[in-house]
Amino acid sequence: MKSFNSRTARAVMVALAAGSLVLTGCSENKGGGSSGKDSKKDQKEAEVQAKPVTYGDAAASTGPAKEVPGAKPGGTINVYEEAGLTHLDPGQIYVSDAGQVANLLFRGLTNFQEDGQGNVSVVGDLATDSGKSSDGGKTWTFTLKDGVKDQNGNPITSADIRHTVERQYAKFIFDGPTYLQTWLSGPKYRDALPDGGYGDKHLPDSVLETPDDKTVVFHFDTARPDLPQTLAMPGYTVVPEETDTKEKYDKAPVATGPYKIAEYKVGKSLKLVKNENWDPKTDVVRHQYVDGYNFDFGVTESTQTKRLIADQGEAKNAIQLTRAVEATQIQDVVSDPAVNKRTIKGYQPYVMTLTFNLDRVKNKAVRDAITYGVNSKSLIAGEGGAYGGDVAPNLFAPTLPGYEADYDPYGRLKTPSGNIEKAKELLKDVPAAEKKLVFAYRNNEAGQKHKVAIEDALSKIGIEVVSKEIDAASFYEQIGKLKNPYDMYITGWGQDWPSPGTVVTPVYDGEQVADGSPNYSHINDPKVQELIKKALTQEPTEAAATWKEAHRYILEEVNPAAPLWYTKQFQLYGSNVGGARYSTESSYIDLNGLFLKS
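Predicted model only: the values in this text are computed from it and were never measured.

## Re helix H9 (residues 364-373)
- Across the ten residues of H9, eight count as buried, placing the element largely inside the fold.
- Along H9, the residues that are buried comprise Val366, Arg367, Asp368, Ala369, Ile370, Thr371, Tyr372 and Gly373.

Following this line, the structure appears as structure tokens:
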């Protein structure tokens, strides 16, 4: 999953597999912050996020959601966010900012549920349970709950689920997850349904079956034990067929969750109010305590932090969405017990990397030199030091099964500020033209810090950096274009569920090189393809060795991305906000149980 400013998601590992702005295999959308200064202790605590995810039965999927102690109804929560949302069309949501909002607005067949102790399960959301598998895991059947409606009062039927799946094949859907489509129809899935089901052609019953209004059956050519987790991603929440406006849906989607959109000014503000047609008896995850949410975009991380530390007026009812305590103000927070108690902390699943566009940076000696020479220490300082992250020696996060803390092929742990001499040595015979590189960065506070750190580090090893600014809200869309004019960019990716497959496959699979794909390096290596295919047919314990081999080959033999840092979360909220806790699944504040104390 992309983190907010990378794309993310989180992954979960069920007994059979596990595994994202942030929400979802997704990119990050983070600010800075951490659970503390002890990195080894933090990494140990991060292992809880790699715990197996359980699949809930009908009883576990029956609403209403368990009451939050002390919760009261009423009031409006103010939400601060730096950049505008990437998307609001569910099919386009794969970044953590929109993923957070999606859980207030949309429902899918399944959803993640947390117990506050680090345990995550998958339960039925629109479905009566987390799904029933048969035929050795190749067939999955879901039954829709009674009484589920959209904001207009229209019942959600199996036809809406079919439509939701099929529209993912349309060309205008380019920025969301592709697991389900590729599992059903292969890597060239768009060829199977070019018009996305909007015409007379539909997926055959041998692939997707809807025998009646309440039943949905998926048929795969191999076992797909992770399907319940996949369907819990925001990118697979339902789009009612009757009200689908195709490309225009991104600006005015129809809600099925506890809140609906009252007003949306793209890039400026978003106002949510209660969805009267949401029935809490059908929802085991969400609440509807507050009357609504007011999102204010364009509020910088430093301003968010100042307002929330001061805790005056509307800030008492405010939260940070995907940003965090601004680095220079961290001590102001941790040194004041009254402020520090209004924080949520935790390890995020994101690995931040300096990703190379392999179509442009073709010389591996250049990529290796930069990987040795880049300064992770200065980049982490901009995130808040130990509160913002830890040096990443490789491409797997501490939250991921198979993480190797000591696997450090480029000596990042020994020389976190960069091995200048080694980098210069690698570059000594490289032509000058290959040492001039275009670096794309976001036009926000974090992006400015990245720009300064990258320029400073690479100039010391003899790389001339030409920095190009990109709008933060459309950053992933811009670098996601195959023909983008950039040589390198900082991206972040987190597991969609606890499985290395949700990192290696979306980010390093050559079959997924396409516009909008999170394979931002455009790596397309036969050996990597072979290992991915092998791992995906193995049980998790057996696959672990294959994923390890793939990870090492990618980093050492290809080097499409220099590992920079592992991210941590450290967010602040107002004194009148109740029910705030860290979400293991999203790695941000959990929006599902928030209320106002008065």
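## So, unusual backbone geometry
- The omega torsion of the bond from Gly63 to Pro64 falls at 0 degrees, within 30 degrees of zero and hence cis.
- Take Pro64: it is sitting in the loop between strand S4 (52-55) and strand S5 (76-81).
- Positive phi, normally seen in glycine, also occurs at Asn559, with a value near 55 degrees.
- For Asn559, the location among the structural elements is in the loop between helix H16 (540-558) and strand S21 (561-572).
- Asn559 gets classed as buried once you look at its relative accessible area, which sits at 0%.
- The residue Ser587 is not glycine, and still its phi comes out positive at about 70 degrees.

## Comments concerning the side chain of Arg342
- Turning to its location among the elements, Arg342 is positioned in the loop between helix H8 (337-340) and strand S16 (343-356).
- Reaching out from Arg342, the side chain makes a polar contact with the backbone oxygen of Tyr573 at a distance of 2.6 Å.

## A few points about the pairing of strand S13 (residues 269-274)
- The pairing of strand S12 (residues 259-265) with S13 spans six bridges and is antiparallel. Of the residues in S13, the one forming a bridge with Tyr259 is Lys274.
- Between the end of S12 and the start of S13, which pair antiparallel, lie three residues, with Gly267 showing a positive phi angle near 80 degrees.
- Pairing of S13 with strand S14 (residues 292-297), which is carried by five bridges, proceeds in the antiparallel orientation. Following the sheet pairing, Val273 is matched in S14 by Gly292.

## Section: the nonpolar core
- Formed by 86 residues in total, the largest nonpolar core has its most connected members in Phe218 and Ile370.
- Core analysis: the next-biggest nonpolar cluster, separate from the first, contains 31 residues, Ile93, Leu105, Val290 and Leu596 among them.

## Describing the pattern of salt bridges
- Under the counting rule described, the total for this entry stands at 27 salt bridges.
- Residues Glu511 and Lys533 are paired through a salt bridge, measuring 2.8 Å at the closest nitrogen-oxygen approach. One end of the pair, Glu511, is in the loop between helix H14 (501-508) and helix H15 (526-536); the other, Lys533, is in helix H15, and 22 residues separate them in sequence.
- Judged by relative accessible area, which is 39%, Glu511 ranks as partly exposed.
- Lys527 is paired through a salt bridge with Glu549; the nearest N and O atoms lie 3.6 Å apart. Here Lys527 is found in helix H15, whereas its partner Glu549 is found in helix H16, with 22 residues between them in sequence.

## With respect to helix H6 (residues 301-310)
- When H6 is considered as a whole, its buried residues turn out to be Glu301, Ser302, Gln304, Thr305 and Leu308. Taken down its axis, H6 places every buried residue within 160 degrees of arc, on the same side.
- Considering only its buried residues, H6 is in contact with S5, strand S15 (318-320), helix H12 (445-460) and S21.
- Directly beyond the C-terminal end of H6, a positive phi value near 55 degrees is found at Asp311.

## Here's the deal with the packing of aromatic side chains
- Per the counting criterion, the structure on display carries 21 aromatic pairs.
- When the centroid spacing of 6.1 Å and the interplanar angle of 40 degrees are considered together, the rings of Phe172 and Tyr198 count as tilted. Within this pair, whereas Phe172 is found in the loop between helix H3 (158-167) and helix H4 (179-185), its partner Tyr198 is found in the loop between H4 and strand S10 (208-212), the two being separated by 26 residues in sequence.
- Seen in terms of ring centroids, Tyr293 and Phe295 are 6.3 Å apart; in terms of plane orientation they differ by 35 degrees. Their pairing is tilted. No difference in accessibility class separates Tyr293 from Phe295, as the two residues are buried.
- Among the aromatic residues, ring-to-ring pairing joins Tyr55, Trp140, Phe142, Tyr179, Trp183, Phe218, Phe220 and Trp497 into one connected group.
- Directly above the ring of Phe475 sits Arg442, whose terminal nitrogen or CZ lies 4.0 Å from the centroid.

## Things to note about the environment of Asp150
- Within the secondary structure, Asp150 is located in the loop between strand S9 (139-143) and H3.
- A relative accessible area of 2% means that Asp150 is categorised as buried.
- Along the chain, Asp150 and Glu276 lie 126 residues apart, while their C-alpha atoms are 9.5 Å from each other.
- Within polar-contact distance, the side chain of Asp150 engages the backbone nitrogen of Asn152 at 2.8 Å.

## Notes on the confidence of the model for the protein
- With 91% of its residues at a pLDDT of at least 70, the protein reaches an overall mean of 90.
- Taken as a whole, residues 4-25 scores under 50 in pLDDT and shows 219 contacts with residues more than four places along the chain or in a different chain.
- Contacts for the low-pLDDT stretch residues 29-36, under 50 throughout, to residues beyond four places or in other chains number 62 contacts.

## What to know about the packing of H14 against H15
- Taken N-terminus to C-terminus, the directions of H14 and H15 make an angle of 145 degrees; their axes are 11 Å apart at the nearest point. Helix-helix and strand crossings are classified by hand; for H14 and H15 the assignment is left-handed. Between H14, through Val504, Thr505 and Tyr508, and H15, the contact on the second element is made entirely by Val528, Gln529, Ile532 and Leu536.
- Partitioned by chemical class, the residues of the contact of H14 with H15 number five nonpolar, two polar and no charged.

## Let's talk about the pairing of strand S19 (residues 464-470)
- Pairing geometry for strand S18 (residues 436-442) and S19, over seven bridges, is parallel. Each residue of the ladder has a partner; that of Ala440, found in S19, is Lys468.
- Each parallel crossover has a hand, and for S18 linked through H12 to S19 it is right-handed.

## Thoughts on the sheet that holds S16
- Judged by pairing direction, the sheet is mixed, and its six strands sit side by side in the order S17-S21-S16-S20-S18-S19 without closing on themselves. Across the chains shown, the open sheet's two edge strands, defined by having one partner strand only, are strand S17 (389-391) and S19. Across the sheet, the mean angle separating the axes of adjacent strands is 30 degrees when strand polarity is ignored.

Reading the values: the criteria
Residues numbered from 1 in each chain as written. Predicted model: local features only at pLDDT ≥ 70, side-chain atom pairs only at ≥ 80, totals over all residues. Heavy atoms only, no water. Buried < 20%, exposed > 50% of the residue type's maximum accessible area, 1.4 Å probe, protein only. Helix = DSSP H or I, 4+ residues; strand = E, 2+ residues; numbered from the N terminus. Polar contact = N/O pair within 3.5 Å; in protein donor to acceptor, adjacent residues only side chain to side chain. Pairing = 2+ DSSP bridges. Core = buried A, V, L, I, M, F, W, Y, C linked by side-chain atoms within 4.5 Å. Salt bridge = Lys/Arg side-chain N within 4 Å of Asp/Glu carboxyl O. Arc of directions from axis to C-beta. Contact = heavy atoms within 4.5 Å. Phe/Tyr/Trp six-rings, centres within 6.5 Å; stacked < 30°, edge-to-face > 60°. Lys NZ or Arg CZ within 6 Å of the ring centre and 35° of its normal. pLDDT = per-residue confidence, 0-100. Axes fitted to C-alpha atoms, helices over the stretch in contact; angles between N-to-C directions. Left-handed = near helix turned anticlockwise from the far one by under 90°. Nonpolar A, V, L, I, M, F, W, Y, C, P; charged D, E, K, R; others polar. Right-handed = clockwise from strand over helix to strand, strands pointing away.

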